[in-house]
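# Reading the structure
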Amino acid sequence: MVSTQNVDQGHRIVARRIEVRAPAADLFAIVADPHRHGELDGSGTVKDTVKGPVRLKQGAKFSVGMKQYGVPYRITSTVTDFADSGSSKAIEWRHPLGHTWRWEFEEKTPGTTTVTESFRYATAMAPKMLEMFGMPRKNADGISATLNNLARQYS
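The structure reproduced in this document is the subject of the present report. (Residues numbered from 1 in each chain as written. Predicted model: local features only at pLDDT ≥ 70, side-chain atom pairs only at ≥ 80, totals over all residues. Heavy atoms only, no water.)

### Digging into the sheet that holds strand E7 (residues 100-109)
- Read across the open sheet, the 8 strands follow the order E1-E2-E8-E7-E6-E5-E4-E3; overall the sheet is antiparallel. At either end of the open sheet lies a strand with only one pairing partner, and these are strand E1 (5-7) and strand E3 (46-51). Strand-to-strand twist of the sheet, defined as the mean angle between neighbouring strand axes without regard to direction, takes the value 25°.
- Strand direction decides the pairing type here: strand E6 (residues 88-94) and E7, joined by 7 bridges, are antiparallel. From the neighbouring strand, Trp93 faces E7, where its bridge partner is Trp101. (Pairing = 2+ DSSP bridges. Helix = DSSP H or I, 4+ residues; strand = E, 2+ residues; numbered from the N terminus. Axes fitted to C-alpha atoms, helices over the stretch in contact; angles between N-to-C directions.)

### Here we look at the environment of Gln9
- Looking at the element boundaries, Gln9 is found in the loop between E1 and strand E2 (13-20).
- C-alpha of Gln9 to C-alpha of Arg120: the two residues are 111 residues apart in sequence and 9.3 Å apart in space.
- In this view, Gln9 contacts Ala15, Glu104, Thr116, Ser118 and Arg120; residues no more than four positions away in its chain are not counted.
- A polar atom in the side chain of Gln9 sits 2.9 Å from the side chain of Arg120. (Contact = heavy atoms within 4.5 Å. Polar contact = N/O pair within 3.5 Å; in protein donor to acceptor, adjacent residues only side chain to side chain.)

### What about helix H1 (residues 24-31)?
- Every buried residue of H1 is listed here: Ala24, Leu27, Phe28, Ile30 and Val31. Around the axis of H1, the buried residues are gathered within 155° of arc, so they sit on the same side. (Buried < 20%, exposed > 50% of the residue type's maximum accessible area, 1.4 Å probe, protein only. Arc of directions from axis to C-beta.)

### Regarding the pairing of strand E4 (residues 61-68)
- In terms of burial, E4 is largely enclosed, as 6 of its 8 residues are buried.
- Summarising the sheet, E3 and E4 pair through 3 bridges and their orientation is antiparallel. Bridge pairing in E4 places Lys51 opposite Ser63.
- Where E4 meets strand E5 (residues 71-85), 8 bridges bridge the pair, whose relative direction is antiparallel. Across the sheet, the residue bridging to Gln68 is Val71, located in E5.
- Joining the antiparallel neighbours E4 and E5 is a turn of 2 residues, in which Tyr69 adopts a positive phi near 55°.

### Some remarks on the side chain of Thr116
- With respect to the element layout, Thr116 can be found in strand E8 (residues 112-120).
- In this structure Thr116 comes out as buried when scored by relative accessible area, which is 5%.
- Within the structure, the side chain of Thr116 is placed 3.1 Å from the side chain of Arg17, a separation counted as a polar contact.
- Ignoring any residue separated from it by four or fewer positions in sequence, one finds Thr116 in contact with Gln9, Ala15, Arg16, Arg17, Arg102, Trp103 and Glu104.

Here it is in structure tokens:
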């Protein structure tokens, strides 16, 4: 299996990339369905209790049951970017605390797609607090595991 690669996208952005043997449209469809996020999650925080549309779109809201440090909670995110055309696709949603999660899909050759997931926290309400609690490193590990889970579905 191909492993994830670090991607430098700038200050306060944690990004990882992997190549998956699947069409971009198929991979995008999984991430665009918030009810499937639990099957990909490598962080162990996302639960299968999702409320929202089966397919996200620009401006859509969805809520997900989460659990961190043994504490269950629910967050509602808003889709801030949704590009589903051609061989390059992207979806991004904003967490209530201001940071975003972004997925980008670029089909390099038919049936082979580069997938990049990023945690962008410069816009968070308290980015220094996130750093103090080690969230960039923790999320980097979670992103790598999530991307590996996605790739494993197509290996």
